[in-house]
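Single-letter residue listing:
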Amino acid sequence: MEIHLNRVDYIQVGVTSQKTMRLLPAVGKKATQKVAVADHDGVLTCFGMKKGEAVPVFKTLPGQKITRLDLGGAAGTPQEKIFVCSASQVRGFTKKGKQFLTFEANLTESINAMHVSGADLFVCASYIYNHYCDCKDQHYYLSGDKINDITCLSSENLTRFVPILACQDRVLRVLRGSELAYDVEVPGPPSLLELYNKDGGEEILYGTTDGKIGLVHIGESSASTKWEIDNDKKKGGILCIDTYDIVDDGVNDLLVGRDDGTVEVYGFDSASEPTLRFEHVLSESITSIQGGCVGKESYDEILTTTYTGWVTGLTTEPQKAEAGPGDEIKMSKEVQSKVEALRSELEQLQVKVLQGREQYQQTSQSSTAVSAVPVFSINDKFTLCQDDASYTLMLEVQTAIDNLLLQSDVPIDLLDVDKNSAVVSFSECDSEQPNGNFLLATYRCQANTTRLELKVRSIEGQYGTLQAYITPRLQPKTCQVRQYQIKPLSLHQRTHSIDQERPMNRLSLVGQFSFAEIHSWVVFCLPEVPEKTPAGESIAFYFHNTFLGTQLEATYCKGEGHFKSDNISTISILSDVLSKEATKRKINLNVSYDINDDSVSHTLKMIHPKLEYQLMLARKVQLIDALKELQVHEGTADFLIPEYRNILDESNNLLVEYKKQPAHLERLYGMITDLFIDKFKFKGQNVKTKVSSLLEILDNYDLNSLLDFFNEA
């Protein structure tokens, strides 16, 4: 069934956080609902629609940034009390705007997730979970990794409240009181949780930062996954989810908002599997999504809030006028008065802008002038993409971006991004200088660009800092800097387990170091490791290399660390970096290795399909120009063998793919060269003089010849 929805912009508030907009329950069936939305200015706004105009019900005074909003109320009554949290404080408001609760949770960190159920309040800071009943402490839990969201189940089949935490380490933690009952592994870092059935039940929806969605059934002692939606089309991460019957077929549909501005509606067929029914793209990330009736009674709609605070509806109400070329648009009196009101408002704003500019010019030229730097918010995300082993840098600003300067002190490649319309230019760098640059690139943005997405690929073993200088279209000109660490093993990603049957190399460290010290070294080396030192006396982390598919196990405690990998180069990088970090702190390390020669041929066989494919792609691309010339000269391509005709037919796709992956072949050559040098480094031999012979073999690549060269060298 096709869905037709029309966009309507209602109001704009300040910059918003995730899950800070809710619809209050309707008074009657299909009646319009009030909207509660909170922003970074600390303002809670509640409004309703009347004759096509947004009419405020109440608006609070500015204060500290509001990070979450939830609805609550006594069990069995309409959930129409509004709860907001800012810093470590939770406040409650009635639907008329009267404040009835101020509760100080006394947490050392700001609350970033909240759930309200009757008299029970569940809040989370970065690693801490607290449960309060009637504002009295009930339960407490310290998580092993950062908590992104919380929800709580209650149903007839469950004997108690079941709080569930969405944690950064790709795990949903199910609690029993102050203890961990069990955990549920999910395919990516979960960014949010939502109840599948708002009236109760044991099923929860989760969304991940890499764009996957799933439904999990939570039991007393175990959980089962009902379905998962993969992110095959490489869309943005999930920021918000809601369930609402927008199709009006008696089954709740799934409403999804992503950080690339995509709004999706998934319907359910007879097999209870979600299928995409509708998609609409806004220009900013979607921080909240709700299904309900807002603009006009009896017309359902999807209400969204964007990062910069736009409250936008996608409504089933048909658009008033559809005129063809040369037709006169007949407007109702209601629409005419609205257009006139907008015109007069626009004129007033233009006058205000002119007055403001004149006032600024006068004050800036006076002898007592003080320069005031305009403050602007930036929403940024730097994440490793598993599919193509690259980092995605997403930058979103509350006002239009003028330009962006990227500077890196380590070698990185910039990859093409289809969504990116900015013009990029590169500056020459002198990487030989101390603190020299390997990359200086400027992106000049088109007017009204508030969101920019870039892709970079790093080289393992080369570590440093990538800096982004963001300049918006503001006067006076101002700039903010964001820093992103490129770690020594930057292409490794956390995983739940590894294959112990592979041939493994081992690195062992023994020395006078504390658990916190060795943990800080591992944080320095590897991404996705929590900065907080884990509870307990020892810890084990598992990783896989997103580029090659090799793996790493890190197990350590006070005075001891053990690292296992099927890639000898990973062990070599870890050995160099950990020794350097220990030397900085004047700690003596006893380092021992156990090298498995079979691991080298195993790694080469893992590189083989990638290398073969890239060599084939490079050869095909080299032939394209010559084949096109032959085709033009002969007037036809029928005389060519099928392989060459196929290259001509696919030439556009081949060129696009080749352009998307610059230096891919050089990277693979570099990895094989490093593997060769590292193999013999552990045997105490320097084979750098034989690298030229290795490169000759790679130019005439054959896997068996390469394996023989590694064994004979």
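Since we're looking at a predicted model, the values are computed, not measured.

1. What to know about the overall build of the protein
So, step 1. In terms of regular secondary structure, the protein is built from nine helices and 43 strands.
So, step 2. In summary, the protein has a C-alpha radius of gyration of 29 Å against a globular reference of 27 Å for 713 residues, a match within 12%.
So, step 3. With the principal axes as the frame, the protein shows a C-alpha extent of 85 × 75 × 75 Å.
So, step 4. Here the protein holds 713 residues, and the buried ones make up 49% of them.
So, step 5. Of the contacts made within the protein by residues no fewer than 6 positions apart, 56% connect residues no fewer than 24 positions apart.
So, step 6. A total accessible area of about 35,100 Å² is found for the protein, and carbon and sulfur atoms account for 48% of it.
So, step 7. Across the protein, the centroid of the 72 positively charged side chains sits 5 Å from that of the 97 negatively charged ones.

2. Description of helix α7 (residues 664-681)
So, step 1. Counted at 1.5 Å a residue, the expected span for α7 with its 18 residues is 26 Å, and the 25 Å between its end C-alpha atoms agrees.
So, step 2. Counting buried residues in α7 gives 13 out of 18 residues, a clear majority hidden from the surface.

3. Points about the nonpolar core
So, step 1. Core analysis: the largest hydrophobic core is formed by 55 residues, its most contacted members being L406, L611, I672 and F710.
So, step 2. No other element matches the eight residues that α7 contributes to this core.
So, step 3. Beyond its immediate sequence surroundings of up to four residues, L611 is in contact with L665, L668, Y669, I672, L698 and Y701.

4. Regarding a nonpolar patch on the surface
So, step 1. A cluster of nonpolar side chains, L623, I641 and Y644, forms an exposed patch at the surface whose accessible area comes to about 230 Å².
So, step 2. By relative accessible area, which is 30% here, Y644 ends up partly exposed.

5. Concerning the sheet that holds strand β30 (residues 390-397)
So, step 1. A sheet is described by the order of its strands in space; here four strands give the open sequence β29-β30-β35-β32, paired in antiparallel fashion. Unpaired on one side and paired on the other, β29 (378-385) and β32 (412-415) mark the two borders of the sheet. Strand-to-strand twist across the sheet, computed as the mean angle between neighbouring axes with direction ignored, equals 25 degrees.
So, step 2. Where β30 and strand β35 (residues 451-458) come together, six bridges link them in antiparallel fashion. The residue bridging L393 from the neighbouring strand is L454, located in β35.

6. What about the state of the cysteines?
So, step 1. This structure, assessed with the given rule, holds zero disulfides.
So, step 2. Free of any disulfide, C152 has its nearest cysteine sulfur in C124, 11 Å distant.
So, step 3. Distance from the sulfur of C240, which forms no disulfide, to the nearest cysteine sulfur (C85) is 17 Å.
So, step 4. The class of C240 is buried, set by a relative accessible area of 2%.

7. Remarks on the packing of aromatic side chains
So, step 1. Tallied over the entire structure, the rule returns 17 aromatic pairs.
So, step 2. Arranged with centres 5.8 Å apart and planes meeting at 85 degrees, the rings of F83 and F100 form a pair that is edge-to-face. With F83 in strand β7 (residues 81-86) and F100 in strand β9 (residues 99-104), the pair connects residues that are 17 residues apart, well separated along the chain.
So, step 3. Relative accessible area serves as the criterion here: at 39%, F100 is assigned to the partly exposed category.
So, step 4. Aromatic side chains F122 and F161 sit 5.8 Å apart centroid to centroid with 75 degrees between the ring planes, which places their arrangement in the edge-to-face category. Here F122, found in strand β11 (residues 120-124), pairs with F161, found in the loop between β14 (147-153) and β15 (162-167); they are 39 residues apart in sequence, far enough to count as distant.

8. Section: unusual backbone geometry
So, step 1. One non-glycine residue, S298, adopts positive backbone phi at about 75 degrees.
So, step 2. The topology assignment puts S298 in the loop between β26 (286-292) and β27 (301-306).
So, step 3. The phi angle at N448 is positive, at roughly 70 degrees, despite the residue not being glycine.
So, step 4. Its location among the elements puts N448 in the loop between β34 (439-444) and β35.

Definitions and limits used
Residues numbered from 1 in each chain as written. Predicted model: local features only at pLDDT ≥ 70, side-chain atom pairs only at ≥ 80, totals over all residues. Heavy atoms only, no water. Helix = DSSP H or I, 4+ residues; strand = E, 2+ residues; numbered from the N terminus. Rg over C-alpha atoms; globule rule 2.2 N^0.38 Å. Buried < 20%, exposed > 50% of the residue type's maximum accessible area, 1.4 Å probe, protein only. Contact = heavy atoms within 4.5 Å. Areas by Shrake-Rupley, 256 points an atom, 1.4 Å probe, with all protein chains shown as cover. Lys, Arg positive; Asp, Glu negative; His and termini not counted. Charge placed at Lys NZ, Arg CZ, Asp CG, Glu CD. Expected span 1.5 Å × (residues − 1). Core = buried A, V, L, I, M, F, W, Y, C linked by side-chain atoms within 4.5 Å. Patch = residues over 30% accessible without salt bridge, like charges linked within 9 Å, V, L, I, M, F, W, Y side chains within 5 Å. Salt bridge = Lys/Arg side-chain N within 4 Å of Asp/Glu carboxyl O. Pairing = 2+ DSSP bridges. Axes fitted to C-alpha atoms, helices over the stretch in contact; angles between N-to-C directions. Disulfide = S-S within 2.5 Å. Phe/Tyr/Trp six-rings, centres within 6.5 Å; stacked < 30°, edge-to-face > 60°.

So yeah, pure geometry; function would need other evidence.
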